[in-house]
Each structure stands twice: as structure tokens, then as C-alpha cells.
Amino acid sequence: IELLPPQAHTLERLQQRRATLGRITEPPPGRPLPSSFESLPSLTRLEVSQHQGVSLPELGPLSLLQRLKIQDCPRLQALPDSLGQLGRLTALEVQGCPVLGSLPASLGALSQLSTLRLASCPAVGALPATLPALGLLQELALEDLPSLRSCPNLLPLTSLRKLSLAGCPGLE
């Protein structure tokens, strides 16, 4: 990302594949983690695929982001709390992240989120208690989450039109 041309601030879509972000998330000792998304304020779609780091850079600077897809990230342990700062996010898809333990509580602050898909993340044991705050959520897919044991009450999700539950044998 640091090698993008100067006009990168006008980008609306960016697909990152094969872990170039891994270099950013693991700086040499003593050097702070760069705020890599600050130069991309116009980004509306971001796809992160095959990222090898254990975390992602802060997402807060991506205030115009509408769609975020994170997939096939074998070492990703957590999503940043700044996820909740993405006030225009309408779709979030996270799949194929085997050591991701949970979604941040800040997920409930995504007031425009209409689609949430969580799939093939076997370490996820619970969904955030803030999930019912997603008043505009229309589609919720929870698939191949064998460790998922609890889910908050979904009755407050009055806009929910499509619910897909598959491969969640421990869900109560």
C-alpha cells in the first residue's frame, strides 16, 4: 500500500491479495505500525485476501467504505475495533479465517450494515452482544462455524429478511 501512486487518494476500489499487508502489520521492533489507509479516503470497496498477518491496520480512515470482504487469512486473530467507525459500511463478509476468535463489539455501531456473512471461521465461539443493534440488517449468514455456541437474540433485527444458518452444530 505504501507503494501506491500519489493519486491513490482517489481510489474507490482496492483488492489486496497475497499478504502485502503482512509487511505492514509486523514492523521492525521500535517502529510503530503505519496507518496505511489514511491515504485512501475515497475507497468504497476493499477486499483483503490471503493476508498473512495476525491483525489488520486500523480501518477508521476509510470513512466512505461501503463493502468490506476479508477472506482466506490463515493467521488473522481479530478484526480491529475501528471496524465500528465505518459508518457507511453496508456489507461485511468474513470467510476462511481459521484462527479468528470473534468479531469486535464495535460491530453494533455499523448503523448502515445490511449484509453480514461470517463463514468458515472455526474458532469463532460467540457473536457480539451488540449484533441486535444492527437495525438495518437484512441478510445474516452464519456458515461453517463449528465452535459457535451462542448468538444474541435476533428478534430486535426487524429488517432481517434472510437468515442462513448452516454448519453451526453447537449453536443454542
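Residues numbered from 1 in each chain as written. Predicted model: local features only at pLDDT ≥ 70, side-chain atom pairs only at ≥ 80, totals over all residues. Heavy atoms only, no water.

Enquirer: Looking at this model, I keep getting lost on the overall build of the protein chain. Mind explaining?
Expert: If you tally the helices and strands in the protein chain, you get one helix and seven strands. For the protein chain, the succession of helices and strands along the chain, N to C, is β-α-β-β-β-β-β-β. Across the 172 residues that make up the protein chain, the buried fraction comes to 43%. Pairs at least 24 residues apart make up 49% of the contacts formed inside the protein chain by residues separated by at least 6 positions. Surface summary for the protein chain: the accessible area is close to 8,500 Å², and the carbon and sulfur share equals 51%. (Helix = DSSP H or I, 4+ residues; strand = E, 2+ residues; numbered from the N terminus. Buried < 20%, exposed > 50% of the residue type's maximum accessible area, 1.4 Å probe, protein only. Contact = heavy atoms within 4.5 Å. Areas by Shrake-Rupley, 256 points an atom, 1.4 Å probe, with all protein chains shown as cover.)

Enquirer: It is not clear to me how the confidence of the model for the protein chain should be interpreted in this structure. Could you clarify?
Expert: The predicted coordinates of low-pLDDT regions are not to be read in fine detail. For the protein chain, mean pLDDT is 83; residues scoring 70 or higher make up 78% of the total. When the criterion is pLDDT under 50, residues 1-7 qualifies, and its contacts beyond four places in sequence or with other chains add up to ten contacts. (pLDDT = per-residue confidence, 0-100.)

Enquirer: When you look at the pairing of strand β3 (residues 67-71) in this model, what are you seeing that I'm missing?
Expert: Along a regular strand, successive side chains alternate from one face of the sheet to the other. With five bridges connecting them, strand β2 (residues 45-49) and β3 associate as parallel partners. Note that in β3 the partner of R45 across the bridge is R67. As defined by bridge partners, β3 adjoins strand β4 (residues 91-95) across five bridges and the pair is classed as parallel. Looking across to β4, one finds that L68 is bridged to L92. (Pairing = 2+ DSSP bridges.)

Enquirer: I'm lost on the pattern of salt bridges in this one. Help?
Expert: Any two side chains of opposite charge can pair, on the condition that their charged atoms come close. Taken as a whole and assessed by the stated rule, the structure comprises two salt bridges. A salt bridge links R117 to E93, with the nearest nitrogen and oxygen atoms 3.0 Å apart. One end of the pair, R117, is in strand β5 (residues 115-119); the other, E93, is in strand β4, with 24 residues separating them in the sequence. Through salt bridges that share partners, E93, R117 and E143 make up one connected network. (Salt bridge = Lys/Arg side-chain N within 4 Å of Asp/Glu carboxyl O.)

Enquirer: So what exactly am I meant to see when it comes to the environment of A166 here?
Expert: Looking at the secondary structure, you find A166 in strand β7 (residues 162-166). The partly exposed category is assigned to A166, whose relative accessible area is 36%. Apart from the residues within four sequence positions on either side, A166 is in contact with L142, E143 and D144.

Enquirer: Where do I start with the nonpolar core in this structure?
Expert: Among soluble globular proteins, nonpolar side chains are generally buried collectively. Grouped together as the largest cluster of nonpolar side chains are 40 residues, with contacts concentrated most on L68, L83 and L107. At the level of secondary structure, the elements contributing two or more residues to this core comprise β2, β3, β4, β5 and β6 (139-143). Setting aside chain neighbours within four positions, we find L68 in contact with L46, L59, L83, L86, L89, A91, L92 and E93. (Core = buried A, V, L, I, M, F, W, Y, C linked by side-chain atoms within 4.5 Å.)

Enquirer: Mind showing me how you'd approach the environment of L83 here?
Expert: Secondary-structure assignment places L83 in the loop between β3 and β4. In the structure, L83 is positioned 23 residues away from G60 in sequence and 6.8 Å away in space, judged by C-alpha atoms. Not counting residues within four places of it along the chain, the set of residues in contact with L83 comprises L59, L68, L89, L92, P104, S106, L107 and L110.

Enquirer: I would appreciate a short explanation of unusual backbone geometry in the present structure.
Expert: If a residue is not glycine, its phi is most likely negative; likewise, a peptide bond is most likely trans. Of note in the backbone geometry, Q50 takes a positive phi value of approximately 60° without being a glycine. Secondary-structure assignment places Q50 in the loop between β2 and β3. Residue classification places Q50 among the partly exposed positions, given a relative accessible area of 27%. For D72, which is not glycine, the phi torsion reads 55° and is therefore positive.

Enquirer: Whenever I open this one, the state of the cysteines confuses me. Can you help?
Expert: By definition, a disulfide links two cysteine residues through a covalent bond between their sulfur atoms. This structure, assessed with the given rule, holds zero disulfides. Of all cysteine sulfurs, the one in C97 lies closest to C73, which takes part in no disulfide; the gap is 4.6 Å. Of the residues examined, C73 reaches a relative accessible area of 0% and is grouped as buried. (Disulfide = S-S within 2.5 Å.)

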